[in-house]
Amino acid sequence: NMVKLSRFGGPVDADRLAAAFATVVAASGTLATRIVDDGSGPVIQDVPGPAVTEVVDLPAEDALAWADDRLRTPIDVAVRPYDSVVLRHPDGTASWYLGLHHLVTDAASSALVFAQTAAVYHGGSPELDSYETWVRRTTTDDSPRSERARRPWGARRQADGLGRLYQPVGRQVPDSHRVPVPGLVAPTDAYRLLTDELTWTVFLMTATAVLVNRVTGAHEFSIGLPVHNRTIADAQRVIGPVMEVFPVDVTVDPDDTLQSLHKRLAKAVMGTIRHAVPGTAPAGDYEVVVNVIPGVELGPFGDVPVVHHALDSGAIDAGHLLRVQLNAYGEDGEALLLDVND
């Protein structure tokens, strides 16, 4: 679940908000689908009827505790891929709890859902591009660029598994515990690259490579790198998961300094990004992911100010032992978060 609680700082009509969200769901294509098992495997179906938003009367000071309890229940994608609740407060204000399953969204997509709902609430119409068209284009793309990208991924040797991290485990589970790392300080000039996002990505990739090497003894392994794919024109207004995770192959030499490892990883990350063409990601062979979540702007609700709380559901891919995440998506600015598989 990708969950946020948006606390409105002015009057908001709960029923009108629910209707606006229903309009966006219907226009999105993705949010109006469900995934069911028909006996032969998963099948995508349209959800019958309009979108469902529950309305709950609750004091504003209880909203966060309520949301923290609610997000522990997984979203049942056989019913619908979201959980939408408007918390109506006694003072005429409201909070909107929206959980979106990662199968139908990514960080930028979640921000787009909020922005489009705000636009419809205030009299506009949804302005969205088709996720189905995006998928069809990326999966059938036989352009020279895509063909060039597929060649190195097809020739790449599968990375060795780490075997363990912290302690041996009998089986991996889809549950995690989030550990905030306080005292985040920007990298010094010696570690700066072309953009802030690239600087942080390679910096955290270097720190993670050192951690993995010291803890597991592995010298060659892969780290997953989410590539957000939102720079392409026809992905700007798509509600859906256009993000893909690509591998970065890591070598830690016993004679490395931090700067020599950083330099090698900068080259490896740039190589991965160069071949990270949408629709070409190879099967994952990484157990650790470094994710610099883009600082997408959620913003106000028309002229109503909003405080957004990005909440952690504790869900993780079972194959991910560790996620190192720089989150610029919440209300507190940049935060370094470790999601450790239970």
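Before any of the text, the structure's been laid out above.
Residues numbered from 1 in each chain as written. Predicted model: local features only at pLDDT ≥ 70, side-chain atom pairs only at ≥ 80, totals over all residues. Heavy atoms only, no water.

J.: Outline the pattern of salt bridges, listing residues and values.
T.: Across all of its chains, the model carries 18 salt bridges by this definition. One salt bridge connects R136 with E132, and the closest N-O pair in it is separated by 3.0 Å. Of this pair, R136 and E132 are both found in helix α4 (residues 131–139), 4 residues apart, which corresponds to roughly one turn of the helix. Take R136: its relative accessible area is 45%, and that puts it in the partly exposed class. (Salt bridge = Lys/Arg side-chain N within 4 Å of Asp/Glu carboxyl O. Helix = DSSP H or I, 4+ residues; strand = E, 2+ residues; numbered from the N terminus. Buried < 20%, exposed > 50% of the residue type's maximum accessible area, 1.4 Å probe, protein only.)

J.: So what's going on with the pairing of strand β3 (residues 42–46)? Residues and values would help.
T.: When you tally the buried positions in β3, you get 0 out of 5 residues, a small fraction of the element. Bridge analysis of strand β2 (residues 33–37) against β3 gives 5 bridges, and the strand direction is antiparallel. Residue pairing across strands places I35 opposite I44, the latter belonging to β3. What sits between β2 and β3 in their antiparallel hairpin is a turn of 4 residues, with G39 showing a positive phi close to 100°. (Pairing = 2+ DSSP bridges.)

J.: So what about the packing of helix α6 (residues 196–216) against helix α7 (residues 258–274)? Which residues, and what values?
T.: Interhelical geometry of α6 versus α7 gives an angle of 120° and a closest axis separation of 9 Å. Here α7 runs oblique to α6, going by the angle between their axes. For the pair α6 and α7, the sense of crossing is right-handed. Along its contact with α6, which presents L198, T201, V202, F203, M205, T206, A209 and V210, the element α7 presents L258, L261, H262, L265, A266, V269, M270 and I273. Here the contact of α6 with α7 is built from residues that sort into 13 nonpolar, 3 polar and no charged. (Axes fitted to C-alpha atoms, helices over the stretch in contact; angles between N-to-C directions. Parallel < 35°, antiparallel > 145°, perpendicular 65-115°, else oblique. Left-handed = near helix turned anticlockwise from the far one by under 90°. Contact = heavy atoms within 4.5 Å. Nonpolar A, V, L, I, M, F, W, Y, C, P; charged D, E, K, R; others polar.)

J.: Outline the sheet that holds strand β1 (residues 2–8), supporting the account with residue identities and numerical values.
T.: Strand order in this open sheet of 5 strands is β4-β5-β6-β1-β11, and the pairing throughout is mixed. Every other strand in the sheet has two partners, leaving β4 (53–57) and β11 (306–312) as the edge strands with one partner each. Within the sheet, the average angular offset between the axes of one strand and its neighbour, ignoring direction, is 20°. The strands that helix α1 (residues 14–28) touches are β1, β4, β5 (82–88) and β6 (94–100); relative to β5, the one it contacts most, it runs at about 160°. Sitting on the sheet, helix α3 (residues 107–121) touches β1, β6 and β11, and the angle it makes with β1 is about 35°.

J.: Could you give an account of the side chain of T105, with specific residues and numbers?
T.: Mapped onto the elements, T105 comes out in the loop between β6 and α3. Judged by relative accessible area, which is 0%, T105 ranks as buried. Side-chain polar atoms of T105 contact the side chain of S110, separated by 3.0 Å. With near-sequence residues (within four places) excluded, T105 lies in contact with M2, L100, S110, G240 and P241. (Polar contact = N/O pair within 3.5 Å; in protein donor to acceptor, adjacent residues only side chain to side chain.)

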